[in-house]
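Residue-level structure breakdown
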Amino acid sequence: MRHARLLLTGLVLLAIGATVSADAQPLGHDTQTSSSCQIGTIKKGASGKQCDVPIPQSCKVAINPATNAHWADTEKSGGISCRFDSKLTDWKTRITGTCGACQARQCSAKFTVYFDCPRPDHP
């Protein structure tokens, strides 16, 4: 019984080590970060609200490998329609999120963009 328990413990540790190794992916010369802006307390019927996502210096918008599109998310609460504004957003110097009219008593939205940034040189 003792040998079986020792063998089982060893297999579990080996499996955990393999999982950790499989999930760790090198980023090469880049590191990833995110930036966001939020529109809060949008009253019912209000529309035309927007916010600009700050772009970190020396970073570029990451590409989502699953969709081959800019890696960005929109979270919203209440009955509201929100999107990244294609007329105001060039994904290099300006990223603007906009929302339509709030249909609920109160709405909010958060726009998040993921970036690839050069990793600082390590001595």
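The structure under discussion appears in the preceding block.
This report concerns the structure included in the present document.

**Digging into the overall build of the protein chain**
When you go through the protein chain residue by residue, the secondary structure sums to 1 helix and 9 strands. Going residue by residue from the N terminus, the α and β elements of the protein chain occur as α-β-β-β-β-β-β-β-β-β. Once local pairs closer than 6 in sequence are excluded, the contacts in the protein chain between residues at least 24 apart make up 70%. Accessible surface, the protein chain as shown: approximately 8900 Å² in total, 54% of it carbon and sulfur.

**Focus on the packing of aromatic side chains**
Using the criterion set out here, one finds 3 aromatic pairs in the structure. Relative to tryptophan 91, the ring of phenylalanine 84 has its centre 5.3 Å away and its plane inclined at 50°; by these criteria the two rings are tilted. As far as burial versus exposure is concerned, phenylalanine 84 and tryptophan 91 are alike and both buried. On the numbers, 5.3 Å between centres and 70° between planes, the contact of phenylalanine 84 with phenylalanine 111 is edge-to-face.

**A short note on the pattern of salt bridges**
Applying the stated criterion across every chain, the model contains 1 salt bridge. Aspartate 52 serves as the salt-bridge partner of arginine 94, at 3.3 Å between the closest nitrogen and oxygen. Note that arginine 94 is positioned in the loop between β7 (82-84) and β8 (96-99) and aspartate 52 in strand β2 (residues 49-52), a separation of 42 residues in sequence. With a relative accessible area of 31%, arginine 94 lands in the partly exposed category. By relative accessible area, aspartate 52 is classed as partly exposed at 39%.

**As for the state of the cysteines**
The full count for this structure, using the stated rule, is 4 disulfides. Across a sulfur-sulfur distance of 2.2 Å, cysteine 82 and cysteine 99 are joined as a disulfide pair. Here cysteine 82 and cysteine 99 share a disulfide; its torsion about the S-S bond, 105°, makes the bridge right-handed. Residue cysteine 82 is located in strand β7, and its partner cysteine 99 is located in strand β8; the two are separated by 17 residues in the primary sequence. Note that cysteine 102 is cross-linked by a disulfide to cysteine 107, the S-S spacing being 2.1 Å. In this structure the cystine formed by cysteine 102 and cysteine 107 twists about its S-S bond by roughly 80°; its chirality is therefore right-handed. Cysteine 102 sits in the buried class, given a relative accessible area of 1%.

**What about the nonpolar core?**
Within the largest apolar cluster, 20 residues are counted, with the highest numbers of intra-cluster contacts made by Ile95, Phe111 and Val113. Counting only elements with at least two residues in this core, the list comes to β1 (30-43), β7 and β9 (106-118). The leading source of residues in this core is β9, at 6 residues. The residues contacting isoleucine 95, other than those within four sequence positions of it, are Cys51, Asp52, Val53, Ile55, Val61, Phe84, Thr89, Val113 and Phe115.

**Quick word on the side chain of threonine 98**
Following the sequence through the fold, threonine 98 ends up in strand β8. Taking the relative accessible area as the measure of exposure, threonine 98 reaches 12% and is therefore buried.

About the thresholds
Residues numbered from 1 in each chain as written. Predicted model: local features only at pLDDT ≥ 70, side-chain atom pairs only at ≥ 80, totals over all residues. Heavy atoms only, no water. Helix = DSSP H or I, 4+ residues; strand = E, 2+ residues; numbered from the N terminus. Contact = heavy atoms within 4.5 Å. Areas by Shrake-Rupley, 256 points an atom, 1.4 Å probe, with all protein chains shown as cover. Phe/Tyr/Trp six-rings, centres within 6.5 Å; stacked < 30°, edge-to-face > 60°. Buried < 20%, exposed > 50% of the residue type's maximum accessible area, 1.4 Å probe, protein only. Salt bridge = Lys/Arg side-chain N within 4 Å of Asp/Glu carboxyl O. Disulfide = S-S within 2.5 Å. Core = buried A, V, L, I, M, F, W, Y, C linked by side-chain atoms within 4.5 Å.

These values are about where atoms sit, not about what they do.
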